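Below are the chains, spelled out letter by letter.
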Amino acid sequence: MLFRSIACMYVFGHAFTRSGAAEVLSRQVLRGRVTSERGLVARVTVLAGLLSSVLSNTGVVATMIPICNGLARRKRLSISRLLMPMAFGSLLGGLVTVLATPTNLVINQSLRDAGVAPFSLFEFSHLGLALLAVGSLYLVGPGRALLPRSPVGQSLSERYQVPRFVTEILVEPTSTLINRAVADIEVFARHSVTVLGLVRAGGESPLLAPGPYNRVRADDTLILQGSPEDIVALSEEVPLRERKYVDTSDARLVSDDVRLVEALVPAGSDLVGATLARAEFRTRTGLNVVAISKSSGVQLQRLLEVELEVGDTLLVQGHLRDLERARQGREVLVLSEVGTPRFARNGWITILTLLGVLLAAALLPGLSLGALALAGVLVLVGLRVVRTDEAYRAIDWGVVFLVGGMLALGRAFQMHVLDPERTQNASDLLAGLVAEGHTTPTILLAGLLGATVLLTQVLNNASTAVIMTPIALEVAGAAGLGARSFLMAVVAGSSLGFLSPVAHQANAMILGP
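These figures come from a predicted structure and were not determined experimentally. (Residues numbered from 1 in each chain as written. Predicted model: local features only at pLDDT ≥ 70, side-chain atom pairs only at ≥ 80, totals over all residues. Heavy atoms only, no water.)

A.B. asks: Can you walk me through the nonpolar core in this structure?
C.D. replies: Among the nonpolar cores identified, the biggest contains 88 residues, and Met64, Ile65, Cys68, Met86 and Phe119 are the most heavily contacted of them. For methionine 64, the residues in contact, after removing those within four places along its chain, are Ser26, Val44, Leu47, Ala48, Leu51 and Met86. Of all hydrophobic cores here, the second largest spans 19 residues; its members include Ala263, Leu276, Ala279 and Phe281. (Core = buried A, V, L, I, M, F, W, Y, C linked by side-chain atoms within 4.5 Å. Buried < 20%, exposed > 50% of the residue type's maximum accessible area, 1.4 Å probe, protein only. Contact = heavy atoms within 4.5 Å.)

Have a look at this one:
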């Protein structure tokens, strides 16, 4: 039941996002006369939290990053001062309902395995909403002074230091490149050089992001991206002459049909752990990668060989049709709005209606969350809001398999670490401390919450939840107290991954922009 619920949650979240429902709601809430940074931070945080209460927080972050990016550009604000509150709000939103995150479902499964009644759908909603409100007030108030401030007003070329690795080369009349299609010239790939444009000698308009069938002519000027060493090695193999003056501004690399935009590698992308060469990114998408921004800095050379991670940002050049196709896909998240979003009106109305029906049905006794989630997915597939192949691709199988492994780890942890002899000794010790007044339930609760929060920063939250849930049950039993409060410390602590980018995928996704 657990794996079915997690899989259905991903499918439902994909349908909600794909239909445009999440984007429509985001645009409506963020649209208005609010121009102050304080007001925008408040709206972004609360909106991310409420959406994440019923959707995957990584899906919410992926939907809201382009919207926040456009909003920051129009208001001339630092994008990082909106993205961090958005990511933190999405984490707090995971505390509003049981279905909000796989971690909550994992905790419920651990409780079933231990013979303890699991949490109902809205059992801790009041606490989650209170934490979301407190977190929002903190980010609007004193926390706003601690938000990072990225540069404002820089062009993409300046931010990614493009002029350092873009060169204009004149094709000599004796060059072997003449009359060859760009896609057939393997020498560029061999030297890790990308052709960003062709400038014709006869005064024709430049061909930017040239397609595979555009042919090189004598006296053409090639706009190439690559390290100086790679350009020199290329010129030694084919007759080329470097031009003295090179225009590497954004205007030189864009046209009416070609854009220079940022694209984020999101969680669940097929590019995670791959290189652009192995993924055949240029061949499949038609997009040129001009630079890659990683946590360690901007990389502009040997881009085809760079292994990509969640949160890496690619500076890509491409035609509007190719960028729009990439925007509709799942490999990269295009941060700029390259076209007018097209939404299926019936689709998102159906999803909102279905979501309301399922949440209402979850209040009825005797209906399991897994069965309701599966029924909702079957309705979506039956109404063709989501295709079966889309449903399969929407599931983050890495998370599903990880949860399965973590549950096995949790059982082994209970058997070998929390064995009866050790737990009995710990129980006697805690019971004595409580009875003698050396500790209080509040101190025990605070200690458990602190340990869970710290463990979440170095492990993923699902692993932390599996390890800490049986400990919470043992501590509550040893102290002779009700287990619910201690379990809520685990639920809350495993969602508060605020201290490092690796604590949660939502943090990693905002690291690049």
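A.B. asks: Just to check I follow, could you spell out a nonpolar patch on the surface for this structure?
C.D. replies: On the surface, Val46, Leu50 and Leu129 cluster together into a nonpolar patch covering about 230 Å² of accessible area. Mapped onto the fold, leucine 129 is located in helix H7 (residues 125-140). (Patch = residues over 30% accessible without salt bridge, like charges linked within 9 Å, V, L, I, M, F, W, Y side chains within 5 Å. Areas by Shrake-Rupley, 256 points an atom, 1.4 Å probe, with all protein chains shown as cover. Salt bridge = Lys/Arg side-chain N within 4 Å of Asp/Glu carboxyl O. Helix = DSSP H or I, 4+ residues; strand = E, 2+ residues; numbered from the N terminus.)

A.B. asks: I'm lost on the pairing of strand E1 (residues 166-171) in this one. Help?
C.D. replies: Where a strand is regular, its side chains alternate between the two sheet faces. Of all the six residues making up E1, six are buried; the element is thus mostly covered by neighbouring parts of the structure. Note that E1 and strand E5 (residues 240-242) share three bridges and pair antiparallel. Counterpart to isoleucine 169 in the pairing with E5 is glutamate 242. (Pairing = 2+ DSSP bridges.)

A.B. asks: It is not clear to me how the confidence of the model for the protein should be interpreted in this structure. Could you clarify?
C.D. replies: The predicted coordinates of low-pLDDT regions are not to be read in fine detail. Scored by pLDDT, the protein comes out at a mean of 79, with 84% of its residues at no less than 70. Within the protein, H7 carries the highest mean pLDDT (93), whereas helix H19 (residues 420-435) carries the lowest (60). (pLDDT = per-residue confidence, 0-100.)

A.B. asks: Can you walk me through the sheet that holds E1 in this structure?
C.D. replies: What links the strands of a sheet is backbone hydrogen bonding, and the strands pair in either a parallel or an antiparallel sense. Taken together, five strands build an open sheet; the order of strands is E3-E2-E4-E1-E5 and the sheet is antiparallel. Since the sheet does not close on itself, it has two edges, and those belong to strand E3 (207-208) and E5, each with one partner. Inspection of the sheet shows E1 paired to strand E4 (residues 221-225) by five bridges, in the antiparallel sense. Residue pairing across strands places leucine 170 opposite threonine 221, the latter belonging to E4.

A.B. asks: Can you walk me through the packing of helix H21 (residues 461-479) against helix H22 (residues 483-493) in this structure?
C.D. replies: Between two packed helices, the angle of one axis relative to the other and the distance separating the axes together describe the packing. Following both chains from N to C, one finds H21 and H22 inclined at 155°, their axes separated by 9 Å at the closest point. Judged by the angle between their axes, H21 and H22 are roughly antiparallel. The hand of the H21/H22 crossing is right-handed. Between H21 and H22, the residues in contact are Ala465, Met468, Thr469, Ala472, Leu473, Val475 and Ala476 and Ala483, Phe486, Leu487 and Val490, respectively. Partitioned by chemical class, the residues of the contact of H21 with H22 number ten nonpolar, one polar and no charged. (Axes fitted to C-alpha atoms, helices over the stretch in contact; angles between N-to-C directions. Parallel < 35°, antiparallel > 145°, perpendicular 65-115°, else oblique. Left-handed = near helix turned anticlockwise from the far one by under 90°. Nonpolar A, V, L, I, M, F, W, Y, C, P; charged D, E, K, R; others polar.)

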